[in-house]
Amino acid sequence: MASTRPVADAEPVIRVRGLVTRFGTQTVHDGLDLDVRAGEVLGVVGGSGTGKSVLLKEILGLIRPTEGTIELLGHDTDGLSQRERTALQARTGVLFQNGALFSSMTVAENVMLPLKEHTALHPDLIAEIARVKIAMAGLPPDAGAKHPAQLSGGMIKRAGLARALALDPAILFLDEPTAGLDPIGAAAFDALIRGLQRSLGLTVFMVTHDLDSLTSICDRIAVLVDKKIKVATLEEHLADPHPWIHDYFHGPRGRAARHAKD
Ligand SMILES: Nc1ncnc2c1ncn2[C@@H]1O[C@H](COP(=O)(O)OP(=O)(O)OP(=O)(O)O)[C@@H](O)[C@H]1O
């Protein structure tokens with residue numbers, strides 16, 4: 001795997017226990033447990049409709065689980081007051097699949113928004129922080145004055161990343177960050193995420209279909225199967241006889257991704 005950092009003994013920053021999610025008669029998760037360790041990059045994979053996005057939204061408190069508990073940074077996410085929820089949100093950064101930027105605002109205004117909402121910093125300082133985050137996300141300085149419609153897909157992702165980093169989060173959530181990028185753009189984005197994760201000590205929770213991302217930057221991989229989650233290293237998943245896990249990691253794309261890494 002990509003990292004040799006000793007993350008195994010670290011306290012979990014996300015702890016999910018006995019998670020059950022039902023929509024009407026459909027059961028998406030059924031007794032799912034998950035620990036995400038501080039400082040790791042966790043890739044989350046699973047077939048279409050297995051509940052990856054729903055899990056992400058439940059951890060973020062956007063959807064309430066049917067049963068079970070979710071602790072985020074030591075706080076049970078159920079029953080938080082609005083103030084506590086807002087404080088917890090400020091410690092997480094989220095990059096949704098399409099960047100989720102406000103189209104009427106410039107990139108800089110988008111990045112400044114969480115700083116305006118969550119801090120009482122002077123506007124000049126907020127503008128300076130936004131400039132730094134835009135640079136950290138690998139965008140040129142003039143990108144700040146542009147509107148999302150003027151940016152390429154890769155630049156929109158970077159702008160979304162700059163906004164996700166605005167408040168110096170402890171955990172970065174990424175929903176299919178390389179979807180829609182060409183292979184070179186995707187590899188550059190992976191390298192950016194890994195570089196930021198290392199320099200900032202971030203924990204990264206990344207939903208992805210991208211086998212290259214999984215093999216190149218993830219410390220462990222969480223696979224959603226049978227309405228539960230199996231977390232393991234790539235090597236351990238490769239030895240797993242579960243039919244979906246076997247097909248996923250041993251299929252042609254899995255082989256190609258591993259080959260590219262070697
Ligand atoms: N708000 C909702 N109401 C009812 N059903 C929902 C809702 N949100 C998600 N679902 C259902 O839950 C299941 C899991 O959805 P989810 O979007 O988490 O899948 P996923 O694993 O992210 O899939 P994909 O890889 O295709 O994006 C799907 O069958 C979906 O239709």
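Residues numbered from 1 in each chain as written. Predicted model: local features only at pLDDT ≥ 70, side-chain atom pairs only at ≥ 80, totals over all residues.

- As annotated in an unreviewed UniProt entry, the chain is ABC transporter ATP-binding protein from Azospirillum doebereinerae.

### Side note on the pairing of strand 1 (residues 12-23)
- Relative to strand 2 (residues 26-37), strand 1 is paired through 9 bridges, and the arrangement is antiparallel. Each bridged residue has a counterpart across the sheet, and for Pro-12 the counterpart in strand 2 is Arg-37.
- Between strand 1 and strand 2, which pair antiparallel and follow one another directly, the connecting turn spans 2 residues, one of which, Gly-24, has a positive phi of 60°.
- As paired elements, strand 1 and strand 4 (residues 67-72) share 5 bridges and run antiparallel to each other. If you follow Arg-15 over to strand 4, its bridge partner there is Glu-71. (Pairing = 2+ DSSP bridges. Helix = DSSP H or I, 4+ residues; strand = E, 2+ residues; numbered from the N terminus.)

### Looking at the site of the ligand
- For the ligand, the full set of nearby residues is Phe-23, Val-28, Gly-46, Ser-48, Gly-49, Thr-50, Gly-51, Lys-52, Ser-53 and Val-54.
- With 3 residues, helix 1 (residues 52-59) is the largest single contributor of residues to the shell around the ligand.
- Tallied by class, residues from the shell around the ligand come to 3 nonpolar, 6 polar and 1 charged. (Near = placed C-beta within 6 Å. Nonpolar A, V, L, I, M, F, W, Y, C, P; charged D, E, K, R; others polar.)

### Some points on the sheet that holds strand 5 (residues 75-76)
- Reading across from one edge, 2-1-4-5 is the order of the 4 strands in this open sheet, with antiparallel pairing throughout. The open sheet has two edge strands, strand 2 and strand 5, and neither has a second partner.

### Overview of helix 4 (residues 123-136)
- The end-to-end C-alpha distance of helix 4 is 20 Å, a good match for the 20 Å that 14 residues give at a rise of 1.5 Å each.
- Taken residue by residue, helix 4 has Ile-126, Ala-130, Lys-133 and Ile-134 as its buried positions. Projected onto a plane normal to the axis of helix 4, the buried residues spread over an arc of 100° and lie on a single side. Residues of helix 4 that are exposed and angled more than 90 degrees away from the buried face: Asp-124, Leu-125 and Glu-128. (Expected span 1.5 Å × (residues − 1). Buried ≥ 20, exposed ≤ 12 C-beta atoms within 10 Å, placed from the backbone. Arc of directions from axis to C-beta.)

### Topic: the packing of helix 3 (residues 107-118) against helix 5 (residues 153-164)
- Viewed as axis vectors pointing N to C, helix 3 and helix 5 meet at an angle of 25°, and their least axial separation amounts to 8 Å. Considering the angle they form, helix 3 stands roughly parallel to helix 5. Relative to helix 5, helix 3 is oriented so that their crossing is right-handed. Packed against helix 3, whose contacting residues are Val-107, Asn-110, Val-111 and Pro-114, the element helix 5 presents Ala-159, Ala-162 and Arg-163 at the interface.
- Tallied by class, residues from the contact of helix 3 with helix 5 come to 5 nonpolar, 1 polar and 1 charged. (Axes fitted to C-alpha atoms, helices over the stretch in contact; angles between N-to-C directions. Parallel < 35°, antiparallel > 145°, perpendicular 65-115°, else oblique. Left-handed = near helix turned anticlockwise from the far one by under 90°. Contact = placed C-beta atoms within 7 Å.)

### Overview of the sheet that holds strand 8 (residues 203-207)
- Ordered in space as 6-7-8-3-9-10, the 6 strands form an open sheet in which the pairing is mixed. Sheet topology places strand 6 (92-95) and strand 10 (228-232) at the edges, where each strand pairs with a single neighbour. Taking the axes of each pair of neighbouring strands and ignoring which way they run, one obtains an average angle of 20° across the sheet.
- With 4 bridges connecting them, strand 6 and strand 7 (residues 171-175) associate as parallel partners. Across the sheet, the residue bridging to Val-94 is Phe-173, located in strand 7.

### Quick word on the environment of Pro-148
- On the secondary structure map, Pro-148 appears in the loop between helix 4 and helix 5.
- On the basis of neighbour count, Pro-148 is assigned to the buried category, with 20 C-beta atoms found within 10 Å.

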